[in-house]
Amino acid sequence: MEKRIAGRSRRGLFKSMALSILPALLTAAVLLLLAAVWLDRFSPQEETVRKVIYAVHFLAAFACGFVMGKQKRERKFLWGLLSGGTWFVLILLVSLIFQGGTLDTGAVLPVLFACAGGSMAGGMMA
């Protein structure tokens, strides 16, 4: 009996994570598209571009944490943080694949903080 309950909770957790990642993907796609158009039109400085990218990560993680918080209804900020961690790992893996296995370690921490902060804020706002 306990195995069945544990199996259901694992399946439920995987389903909740997958459902919380989808809005983050959509949010990131739309915001990155808008950022690309903005970059093409105005040619801002590199520091401004970096801040926009961090804001995109924050808002995508916010969407992820918000959906997870709506699903779980208790300890929302922890569930939001967990979903934001999952989002960060996904971003990190995609970055490693496309950059040939090397990353700028100075850029990883701000993205981690943006994902963690955004997802916790989203979870709390849910």
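Quantities reported herein were computed from a predicted structural model and do not represent experimental measurements.

What counts and what doesn't
Residues numbered from 1 in each chain as written. Predicted model: local features only at pLDDT ≥ 70, side-chain atom pairs only at ≥ 80, totals over all residues. Heavy atoms only, no water. Helix = DSSP H or I, 4+ residues; strand = E, 2+ residues; numbered from the N terminus. Buried < 20%, exposed > 50% of the residue type's maximum accessible area, 1.4 Å probe, protein only. Contact = heavy atoms within 4.5 Å. Areas by Shrake-Rupley, 256 points an atom, 1.4 Å probe, with all protein chains shown as cover. Lys, Arg positive; Asp, Glu negative; His and termini not counted. Charge placed at Lys NZ, Arg CZ, Asp CG, Glu CD. Phe/Tyr/Trp six-rings, centres within 6.5 Å; stacked < 30°, edge-to-face > 60°. Lys NZ or Arg CZ within 6 Å of the ring centre and 35° of its normal. Core = buried A, V, L, I, M, F, W, Y, C linked by side-chain atoms within 4.5 Å. Expected span 1.5 Å × (residues − 1). Patch = residues over 30% accessible without salt bridge, like charges linked within 9 Å, V, L, I, M, F, W, Y side chains within 5 Å. Salt bridge = Lys/Arg side-chain N within 4 Å of Asp/Glu carboxyl O. Axes fitted to C-alpha atoms, helices over the stretch in contact; angles between N-to-C directions. Left-handed = near helix turned anticlockwise from the far one by under 90°. Nonpolar A, V, L, I, M, F, W, Y, C, P; charged D, E, K, R; others polar.

Helices and strands together make up the secondary structure of the chain, namely four helices and zero strands. Each helix (α) and strand (β) of the chain, taken in turn from the N terminus, gives the series α-α-α-α. Taking the principal axes of its C-alpha atoms as reference, the chain extends roughly 60 × 35 × 20 Å. The 126 residues of the chain split such that 25% are buried. Once local pairs closer than 6 in sequence are excluded, the contacts in the chain between residues at least 24 apart make up 79%. In the structure as shown, the chain presents an accessible area of about 8500 Å², 68% of it carried by carbon and sulfur atoms. Put simply, the chain has 14 plus and 6 minus side-chain charges, and the middle of one group is 18 Å from the middle of the other.

We now examine the packing of aromatic side chains. Tallied over the entire structure, the rule returns one aromatic pair. Ring geometry for Phe62 against Phe66: centres 6.3 Å apart, planes inclined by 15 degrees, an arrangement best described as stacked. Note that Phe62 and Phe66 are positioned in helix 2 (residues 46-72) at a spacing of four residues, about one turn of the helix. Classification of Phe66 as partly exposed rests on a relative accessible area of 29%. Positioned over the ring face of Trp79 is Lys72, at 4.7 Å from the centre of the ring.

Counting eleven residues, the largest nonpolar core consists of Ile21, Ala24, Ala28, Ala60, Ala61, Cys64, Trp87, Phe88, Ile91, Val111 and Cys115. Taken together, the elements giving at least two residues each to this core come down to helix 1 (2-42), helix 2, helix 3 (76-98) and helix 4 (105-125). Those residues in contact with Ala60, other than ones at most four positions away along the chain, are Ala24, Thr27, Ala28 and Trp87.

The next point concerns helix 4. Note: α-helices contain 3.6 residues per turn, so residues at a spacing of three or four share the same orientation. In this model, helix 4 (21 residues) spans 31 Å end to end at C-alpha, consistent with the 30 Å of a helix rising 1.5 Å per residue. If you follow the buried residues of helix 4, they end up packed against helix 2 and helix 3.

Another aspect to go through is a nonpolar patch on the surface. Together, Leu19, Leu22, Leu25, Leu90, Val94, Ile97 and Phe98 make up an exposed nonpolar region whose accessible area comes to about 680 Å². Sorting the residues of the nonpolar patch by element identifies helix 1 and helix 3 as the ones contributing at least two each. Among the elements that line the nonpolar patch, the one with the most residues is helix 3, at four residues. Relative to the elements of secondary structure, Ile97 occurs in helix 3. On the accessibility criterion, Ile97 (64% relative accessible area) is exposed.

Here we come to the pattern of salt bridges. Within this structure, the stated rule accounts for two salt bridges. The network of salt bridges with shared partners includes Glu46, Glu47 and Arg50.

In this section: the packing of helix 2 against helix 4. At a minimum axis distance of 6 Å, the contact between helix 2 and helix 4 shows a crossing angle of 35 degrees. Crossing geometry of helix 2 relative to helix 4 is assigned as right-handed. Residue-level inspection shows Tyr54, His57, Phe58, Ala61, Phe62, Gly65, Phe66 and Gly69 of helix 2 in contact with helix 4, the latter providing Ala107, Pro110, Val111, Ala114, Cys115, Gly117, Gly118, Ser119, Ala121, Gly122, Gly123 and Met125. Residues that form the contact of helix 2 with helix 4 fall into these classes: twelve nonpolar, eight polar and no charged.

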